[in-house]
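# Structural features, examined
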Amino acid sequence: KDDLGEHNNLAAKMPEKVEALRKLLHDWRTEVKAQMPTPNPNYSPADTTKPERKKKGKAGKKSVSLSNPSIVSPLLAARADD
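Residues numbered from 1 in each chain as written. Predicted model: local features only at pLDDT ≥ 70, side-chain atom pairs only at ≥ 80, totals over all residues. Heavy atoms only, no water.

### A few points about the overall build of the chain
A count of helical and extended segments in the chain gives two helices and zero strands. Looking at the chain residue by residue over its 82 residues, the buried ones come to 2%. A total accessible area of about 9100 Å² is found for the chain, and carbon and sulfur atoms account for 56% of it. (Helix = DSSP H or I, 4+ residues; strand = E, 2+ residues; numbered from the N terminus. Buried < 20%, exposed > 50% of the residue type's maximum accessible area, 1.4 Å probe, protein only. Areas by Shrake-Rupley, 256 points an atom, 1.4 Å probe, with all protein chains shown as cover.)

### With respect to the environment of Asn9
Within the secondary structure, Asn9 is located in the segment before helix H1 (15-31). A distance of 3.0 Å separates a polar side-chain atom of Asn9 from the backbone nitrogen of Ala11. (Polar contact = N/O pair within 3.5 Å; in protein donor to acceptor, adjacent residues only side chain to side chain.)

### A few points about the pattern of salt bridges
Tallied over the full model, the rule gives two salt bridges. Between Arg22 and Glu19 there is a salt bridge, with its nearest N and O atoms 3.7 Å apart. Of this pair, Arg22 and Glu19 both sit in helix H1, three residues apart, which is roughly one turn of that helix. Relative accessible area serves as the criterion here: at 52%, Arg22 is assigned to the exposed category. For Glu19, a relative accessible area of 47% puts it in the partly exposed group. Asp27 is the partner of Lys23 in a salt bridge, and the nearest nitrogen-oxygen pair spans 2.7 Å. Taken as a pair, Lys23 and Asp27 lie in helix H1 at a separation of four residues, close to a single helical turn. (Salt bridge = Lys/Arg side-chain N within 4 Å of Asp/Glu carboxyl O.)

Quick look at the structure:
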């Protein structure tokens, strides 16, 4: 209430609370079988190159035929019959 921005670290003043919260978190992670992050063995802080991304071409896109009334909304399909 008095420290809405959480500028004051209360961990040193409340070690019992810290340990209780840490245990709750640990128990919850165990209960839900949470996967913990692991270091990326391929990461190199010296490597500044970005990996190449696969480019999507027209071959990867699916097209929809709007001439098929079963695909077009009923309003447009009725209009096409006129």
